[in-house]
Amino acid sequence: MTLLDLEDISKRYGTVQALDGVSFAVGAGSRAAVVGPSGSGKTTLLRIIAGFEFPDSGRVCFDGALLANGPAGVPAHRRGIGIVSQDGALFPHLSVADNIAFGFERGAPDRARRVAELLEMVELEDAMATRRPHQLSGGQQQRVALARALGRRPRLMLLDEPFSALDTGLRENMRKAVSRVLQAAGITAILVTHDQSEALSFADQVAVLREGRLVQAGSPQTLYHHPRDRETALFLGDAVLLPAFIRDGVADCALGHVAVEGDHAGKAEIMLRPEQIRVIADSASPRNGGRVVDVQFGGAVCTVAVALADVALPPILIKTSSVALPAPGDLVRLDVAGRAHVFA
């Protein structure tokens, strides 16, 4: 069942077209992510959903109710939508408990119980209730901000790059914790982020914006393995792009003969994700191989740059295990697992 439906949303600021005919639906209980480079319109879209901005044209429908029809609509405080921002926006002069309870009904008799329940929900100890925001770590502040938003019992939660100010390890832990909390509470969520891996791991559905337009939407697996164009492919992760000639389901390219998806024929560009390519030491230097020109050690996953033999292409970057890592100058064979994606 669809909870949020955006229909042909457009928004202009002076001469800048921030959004151009964006349509997107979010199912009840699901987690969606909106990604795109800076200036793509993702924050504007989030603000229109929240009610902080109104579209020039288009409709926002929430659970069957019309929230916006062009520039006319329901103001933010009457939408019942929660939002967690990048900085948490906690009140520095209030305790954690008072921050969490800020959105409660005035004089709520069960205030203390609800604060305790929300602290438990976001995995914070009861002792945190009396602290001020400056006495908390970045991750703890974000949990308090989430608890405050949950206190209003929203059906939809908007997450505006809430993890971007956190360290890498904490960021991943917070993302998992927030996902657990929202799922347990049955709350639909929309995450806006510039971090592709964050979007792919968090969401059931990902929408890619570029220059104010919706380029592609679908499951993380679909967008990663079947991007609509090369720009989307490169935005969502590392990719090996090669010219090829396709016939009978096989591409003849710099890596030899590679099986491809779909029914294509003739000249085309194919895409492989680096993890599809296996680096094998081979002193014979076969056609589907080359010479290692650089190795970047990264722990469990390393990056190997290989200059392909007899091909005027830049070296390709391959993700591989640190076990039996080749050295610069080594001759290697490149074996491909799975099928290549073909850009139509």
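Rules used throughout
- Residues numbered from 1 in each chain as written.
- Predicted model: local features only at pLDDT ≥ 70, side-chain atom pairs only at ≥ 80, totals over all residues.
- Heavy atoms only, no water.
- 1 Å grid on protein atoms, 1.4 Å probe; cavity = no way out; pocket = protein on both sides within 12 Å on 5 of 7 lines; lining within 4 Å.
- Points joined across faces, edges and corners; volume = space filled by probe spheres on them.
- Nonpolar A, V, L, I, M, F, W, Y, C, P; charged D, E, K, R; others polar.
- Helix = DSSP H or I, 4+ residues; strand = E, 2+ residues; numbered from the N terminus.
- Buried < 20%, exposed > 50% of the residue type's maximum accessible area, 1.4 Å probe, protein only.
- Pairing = 2+ DSSP bridges.
- Salt bridge = Lys/Arg side-chain N within 4 Å of Asp/Glu carboxyl O.
- Axes fitted to C-alpha atoms, helices over the stretch in contact; angles between N-to-C directions.
- Contact = heavy atoms within 4.5 Å.
- Domains from an automatic or database assignment.
- Buried area = accessible area lost by both parts, 1.4 Å probe.

**Q** Please provide a residue-by-residue account of the layout of surface pockets, values included.
**A** One number sums up the size of the largest pocket: a volume of about 470 Å³. Along the walls of the largest pocket sit 19 residues, with Phe-52, Ile-81, Gly-82, Ile-83 and Arg-152 positioned nearest its centre. Quantified by volume, the second largest pocket comes out at close to 230 Å³. Lining the second largest pocket are Asp-238, Ala-239, Val-240, Leu-241, Leu-242, Pro-243, Pro-274, Leu-313, Pro-314, Pro-315, Ile-316 and Leu-317. Among the residues forming the lining of the second largest pocket, the class breakdown is 11 nonpolar, no polar and 1 charged.

**Q** Describe the environment of Val-323, naming the residues involved and giving the relevant values.
**A** With respect to the secondary-structure elements, Val-323 resides in the loop between β19 (316–321) and β20 (331–336). Taking the relative accessible area as the measure of exposure, Val-323 reaches 64% and is therefore exposed. Remark: the alpha-carbon pair of Val-323 and Gly-51, spanning 272 residues in sequence, is separated by 52 Å.

**Q** Could you give an account of the sheet that holds strand β13 (residues 250–253), with specific residues and numbers?
**A** Taking strand neighbours across the sheet as the criterion, the 5 strands line up as β14-β13-β12-β15-β21 in an open arrangement whose pairing is antiparallel. Because the sheet does not close on itself, it has two edges, and the strands there are β14 (256–259) and β21 (341–342).

**Q** An account of the pattern of salt bridges is requested, with residue identities and associated values reported.
**A** Close approach of charged atoms allows side chains of opposite charge to pair. Counted under the stated rule, the structure contains 19 salt bridges. The partner of Glu-53 in a salt bridge is Lys-11, with the nearest N and O atoms 4.0 Å apart. With Glu-53 in the loop between α1 (42–50) and β4 (57–62) and Lys-11 in strand β1 (residues 2–13), the pair connects residues that are 42 residues apart, well separated along the chain. Residues Arg-47 and Glu-53 are paired through a salt bridge, measuring 3.5 Å at the closest nitrogen-oxygen approach. Of the residues examined, Arg-47 reaches a relative accessible area of 34% and is grouped as partly exposed.

**Q** With reference to specific residues and values, describe the sheet that holds strand β11 (residues 213–218).
**A** One open sheet holds the 6 strands; their spatial order is β7-β8-β9-β3-β10-β11, and the pairing between them is mixed. Two strands lie at the open edges of the sheet, namely β7 (81–84) and β11, each paired on one side alone. Pairwise comparison of adjacent strand axes, ignoring direction, gives a mean angle of 20° for this sheet. Sheet analysis places β7 next to strand β8 (residues 156–160), joined by 4 bridges and oriented parallel. Note on β8: the bridge partner recorded for Gly-82 is Met-157. Here helix α4 (residues 138–150) sits on the sheet and contacts β7 and β8; the angle it forms with β7, its principal contact strand, is near 170°.

**Q** Lay out the domain arrangement of the protein with the relevant residues and their values.
**A** Structurally, the protein comprises domain 1 (2–232) and domain 2 (238–343). The C-alpha centroid of domain 2 is placed 39 Å from the C-alpha centroid of domain 1. With 8 residues of domain 1 in contact, the opposing surface of domain 2 contributes 8 residues. For the pair domain 1 and domain 2, the summed buried area comes to about 700 Å², and 48% of that belongs to carbon and sulfur atoms.

**Q** Residue-level account of the pairing of strand β2 (residues 16–27), with values.
**A** In terms of strand pairing, β1 meets β2 through 8 bridges, oriented antiparallel. Bridging from a neighbouring strand, Leu-4 pairs with Val-26 of β2. Counting the residues between successive antiparallel strands, the hairpin from β1 to β2 contains 2 residues, one of them, Gly-14, with a positive phi of roughly 60°.

**Q** So, the environment of Leu-124: which residues are in play, and what are the values?
**A** You can see Leu-124 is positioned in the loop between α3 (111–121) and α4. The class for Leu-124 is buried, based on a relative accessible area of 10%. Linking Leu-124 and Arg-143, residues 19 residues apart in sequence, is a C-alpha distance of 7.7 Å. With residues up to four places along the chain from it excluded, the contact list for Leu-124 reads Leu-119, Gln-140, Arg-143 and Val-144.

**Q** So what's going on with α1? Which residues, and what values?
**A** Counting buried residues along α1, 7 of its 9 residues qualify, which places the element largely inside the surrounding structure. Restricting attention to buried positions, one finds in α1 the residues Lys-42, Thr-44, Leu-45, Leu-46, Ile-48, Ile-49 and Ala-50. Immediately downstream of α1, the backbone of Gly-51 shows phi near 100°, a positive value.

**Q** Describe empty space enclosed by the protein, and please don't skip the residues or the numbers.
**A** Scanning all chains against the criterion turns up 1 cavity of 30 Å³ or more. Each pocket or cavity is described by its volume, and for the largest cavity that value is around 40 Å³. Looking at the largest cavity, the residues that line it are Val-84, Gln-142, Leu-146, Leu-159, Pro-162, Phe-163, Met-174 and Val-178. Among the secondary structure elements, those contributing two or more residues to the lining of the largest cavity are α4 and α5 (168–185). A breakdown of the residues in the lining of the largest cavity according to their chemical character gives 7 nonpolar, 1 polar and no charged.

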